[in-house]
Amino acid sequence: MADPLDPSDATVQRHAEALASLPADDGAAAANAARGLITAAPDDLQVTGDEGRVIWSLADYGFLGASAEAPESVHPALWRLARLNMNAGLFEVAEGVYQVRGYDISNMTLIEGDAGVIVVDPLVSPECAAAALALYRQARGERKVSAVLHTHSHVDHFGGIRGVVSDGEAVPIWAPQGFTDAAVSENVIAGAVMVRRAAYMYGSNLERGPRGQVDVAIGKGVSTGRPSLMAVTDEVTETGQQATIDGVLFEFQMVPETEAPAELNFFLPERGALCIVETATQVLHNILTIRGAQVRDALWWSQCLNESIELFGDRAEVLFAGHHWPTWGNEEIAEFLSAQRDLYRLLHDQTIRLASEGFNGEEIAERIELPESLAALWHTRGAYGSLRHNARGIYQRYFGVYDGNPVNLDPLAPTDAGSRYVDAIGGAGRAIEIAAQALAGGDERWAATLAGHVVFADPENVAARELQAAAFEQLGYQTENATWRNAYLTGASELRGGVSSDSLRAQAPDIVRALPTGQLFDAMGTRINAERAAQNDLIVAWNFTDIDEQWTLRVTNGALSTVAGKLAPDAQATVTTTRETLNSLILQEIDAMEAFGSGAISVDGDPMALAGFLGLLDDAPHDFPIVTPRG
Ligand SMILES: [Zn+2]
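Residues numbered from 1 in each chain as written. Predicted model: local features only at pLDDT ≥ 70, side-chain atom pairs only at ≥ 80, totals over all residues. Heavy atoms only, no water.

Undergrad: In this structure, what is going on with the coordination of the zinc ion? I would like to understand it.
TA: For a metal with four tetrahedral donors the ideal donor-metal-donor angle is 109.5 degrees, whereas six octahedral donors ideally subtend 90 or 180 degrees. The zinc ion binds to the protein through D156 (OD), H157 (NE2), E278 (OE) and H323 (NE2); the donor distances cover 2.1 to 2.2 Å. One can describe the site at the zinc ion as irregular: its four donor atoms subtend angles covering 86 to 176° at the metal. As a motif over one chain, the donors of the zinc ion read D-H-x120-E-x44-H. Remark: H323 occurs in the loop between β15 (318-321) and β16 (327-328) and E278 occurs in the loop between β14 (273-277) and α7 (298-312); sequence separation between them is 45 residues. We classify E278 as buried; its relative accessible area is 2%. (Donors = N, O, S within 2.8 Å, 3.2 Å for Na, K, Ca; no water. Tetrahedral: all angles 85-135°; square planar, octahedral: opposite > 155°, others 65-115°. Helix = DSSP H or I, 4+ residues; strand = E, 2+ residues; numbered from the N terminus. Buried < 20%, exposed > 50% of the residue type's maximum accessible area, 1.4 Å probe, protein only.)

Undergrad: How do you make sense of the packing of helix α18 (residues 517-525) against helix α20 (residues 579-586) when you look at a structure like this?
TA: The description of two packed helices rests on the angle between their axes and on the distance between the axes. Where α18 contacts α20, the two axes come as close as 12 Å, and the packing angle between them is 35°. When you trace α18 past α20, the crossing you get is left-handed. Mapping the contact onto sequence places T517, L520, F521 and M524 in α18 and R579, L582, N583 and I586 in α20. When grouped by side-chain class, the residues that make up the contact of α18 with α20 number five nonpolar, two polar and one charged. (Axes fitted to C-alpha atoms, helices over the stretch in contact; angles between N-to-C directions. Left-handed = near helix turned anticlockwise from the far one by under 90°. Contact = heavy atoms within 4.5 Å. Nonpolar A, V, L, I, M, F, W, Y, C, P; charged D, E, K, R; others polar.)

Undergrad: Just checking my understanding: could you explain the pattern of salt bridges for this structure?
TA: Opposite charge on two side chains lets them pair, provided their charged atoms get close. If you walk through the whole model with that rule in mind, you get 23 salt bridges. D6 serves as the salt-bridge partner of R211, at 2.8 Å between the closest nitrogen and oxygen. With R211 in the loop between α6 (191-202) and β10 (234-236) and D6 in the segment before α1 (9-21), this pair connects stretches of sequence that are 205 residues apart. Residue D6 is classed as exposed on the basis of its relative accessible area of 52%. Between R162 and D510 there is a salt bridge, and its shortest N-O distance comes to 2.6 Å. (Salt bridge = Lys/Arg side-chain N within 4 Å of Asp/Glu carboxyl O.)

Undergrad: What is the right way to read unusual backbone geometry from this model?
TA: Excluding glycine, most residues fall at negative phi; most peptide bonds, likewise, are trans. Phi angles above zero are rare outside glycine, and L123 is one such case at about 60°. Mapped onto the elements, L123 comes out in the loop between β7 (117-120) and α4 (126-140). The phi angle at A217 is positive, at roughly 80°, despite the residue not being glycine. Assignment of secondary structure puts A217 in the loop between α6 and β10.

Undergrad: So what exactly am I meant to see when it comes to the packing of aromatic side chains here?
TA: Aromatic rings in a pair are described by how distant their centres are and how their planes are angled relative to each other. Tallied over the full model, the rule gives 17 aromatic pairs. A ring pair is formed by F250 and F266, whose centres lie 5.2 Å apart and whose planes are at 50°; its orientation type is tilted. Here F250 is found in strand β12 (residues 248-254), whereas its partner F266 is found in strand β13 (residues 264-268), with 16 residues between them in sequence. Judged by relative accessible area, which is 0%, F250 ranks as buried. (Phe/Tyr/Trp six-rings, centres within 6.5 Å; stacked < 30°, edge-to-face > 60°.)

Undergrad: Is there a simple way to explain the sheet that holds strand β19 (residues 559-564) in this structure?
TA: One key point about sheets: their strands pair by backbone hydrogen bonds, in either a parallel or an antiparallel sense. Judged by pairing direction, the sheet is mixed, and its five strands sit side by side in the order β19-β18-β17-β20-β21 without closing on themselves. The open sheet has two edge strands with one neighbour each: β19 and β21 (602-605). For this sheet the average axis-to-axis angle between neighbouring strands, irrespective of direction, equals 20°. Summarising the sheet, strand β17 (residues 538-544) and strand β18 (residues 549-556) pair through seven bridges and their orientation is antiparallel. The residue of β18 that forms the bridge with I539 is R554. Strand contacts of α18: β17, β18 and β19, with the helix running at about 20° to β18, the strand carrying the most contacts. (Pairing = 2+ DSSP bridges.)

Undergrad: What exactly am I supposed to notice about the environment of G361 here?
TA: If you trace the backbone, G361 turns up in helix α9 (residues 361-367). With 168 residues separating them in the primary sequence, G361 and N529 have C-alpha atoms 34 Å apart. Beyond its immediate sequence surroundings of up to four residues, G361 is in contact with R392 and Y395.

Read these as layout, nothing more, since geometry by itself doesn't imply function.
Set out below in structure tokens:
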């Protein structure tokens with residue numbers, strides 16, 4: 001594959017401007033990121049999973065140690081953050097409170113109790129969680145895991161649980177109300193698309209290096225083991241709730257629908273330690289992530305942080321979170337939390353104010369700015385979420401993707417727009433000429449836009465692909481936002497070398513098993529090919545003997561509807577099987593013919609009706625094109 005290009009003159013100049021405009025670094029972040037270090041992670045840390053496959057590696061990031069000065073292909077603020085995120089190992093946060101950082105995208109927190117140690121947020125992959133626990137035990141002795149607490153429903157805060165708890169072990173598992181539903185359901189409908197888009201956001205397929213992936217802003221990347229999930233035994237349901245877990249007193253604050261649908265913060269009054277989880281990190285977070293997700297509520301998010309200050313502000317001596325390093329000192333914590341609160345509120349209020357003046361999402365993105373007092377801080381910077389994308393997200397939450405101007409009511413699809421623009425400009429050659437001039441003049445966004453029209457008019461046009469790749473690359477080098485950088489550089493790479501299909505993450509059996517049957521069928525419904533399905537109506541009843549559930553599925557007019565608790569007497573086929581067999585089918589551990597042959601599935605009525613139903617399901621390709629048209 002073609003090597004990335006050198007930074008252009010425009011990139012070099014913007015790099016210098018960025019460097020001159022950054023806030024002064026008082027060294028506090030670097031000191032906090034290193035504070036309390038007990039055991040440093042090995043420089044060449046690698047964690048392996050199934051069949052010796054490397055699922056986590058810090059070894060590839062050695063280049064970050066070479067110099068504090070950013071190369072011209074990396075925004076200086078992102079370079080600084082990428083280096084701070086290399087502080088990996090076991091750290092003491094407060095008396096009896098430890099964190100393992102750098103063993104996955106998230107932090108694992110360990111709180112020592114009377115009988116053992118409470119594990120908070122066991123990372124994404126069981127192998128990483130086990131390695132983190134081993135690092136802790138090496139320093140603090142063979143304490144048993146006395147409880148697990150999941151702070152929220154994102155996979156980087158629960159997926160590794162099987163690395164710290166074995167099957168059959170009686171360990172209490174705490175989580176906020178709604179955790180399991182949210183953990184298994186949040187992405188079930190959108191999952192296939194999100195996996196593909198997440199590879200762009202996290203730069204999963206990029207080389208690590210000054211011209212490749214350097215960071216993802218809340219960590220180095222996402223480990224690629226197989227996430228797990230275990231049943232919650234104890235729920236936190238309300239703010240103010242207290243619990244003594246293994247002799248340690250916890251005070252909880254519920255913050256659902258902020259950064260995750262189910263989320264909590266907690267305070268350890270005996271240790272003056274506040275866990276703010278992911279509502280306040282050392283960067284601006286996402287109101288709308290670029291992998292695609294439902295837009296979060298910036299107003300409510302800010303209000304929750306305000307409540308955290310009211311509840312715990314007086315008493316907190318150290319603040320720690322699911323990502324990044326802690327903040328020590330009551331005054332420092334108050335300043336940090338107030339600025340984070342104001343950051344999200346400002347984004348929300350100013351987006352709506354500008355919308356009220358008639359600006360649309362793209363126009364607001366061009367205008368929105370932080371006041372100097374917030375812009376002077378490092379932790380409000382848009383390295384993960386960006387002001388611009390978040391503002392568009394807030395606009396979308398209130399007003400949708402349509403901006404009210406009828407010209408945008410029925411826009412041309414990209415290939416149709418592309419060929420018309422190219423014709424209007426006077427052909428592909430002329431369009432490329434203009435785009436090349438724009439790129440040479442440092443107008444990379446216009447160069448990428450114009451070259452993109454040529455690519456969508458004619459994806460075989462190599463010059464256009466090269467030109468757009470070159471524009472993306474400079475945009476990637478210039479941006480402070482780690483996820484934008486990864487997206488631009490991945491786009492460039494796929495324009496030059498095509499789609500890399502390594503981005504597939506295996507379905508996690510625990511998560512499929514935990515899904516309510518109705519949601520499994522709903523997810524299947526999104527794979528029905530309506531063109532084929534509309535030719536015949538189908539009624540298939542399902543009798544799951546292991547969980548005593550009955551379902552009737554109808555496909556009429558090409559659309560699925562389901563009824564729980566009923567085996568319709570007019571079903572063309574009634575399938576008797578177990579939910580476990582259905583799980584295995586979905587996980588592709590067995591195929592339908594095999595299950596039928598072994599008797600794991602039996603059918604009353606017309607077996608072809610079942611085959612017909614399964615035959616309606618299109619595969620969800622995990623490697624569809626993004627920067628070129630779908631053929
Ligand atoms: Zn997280």
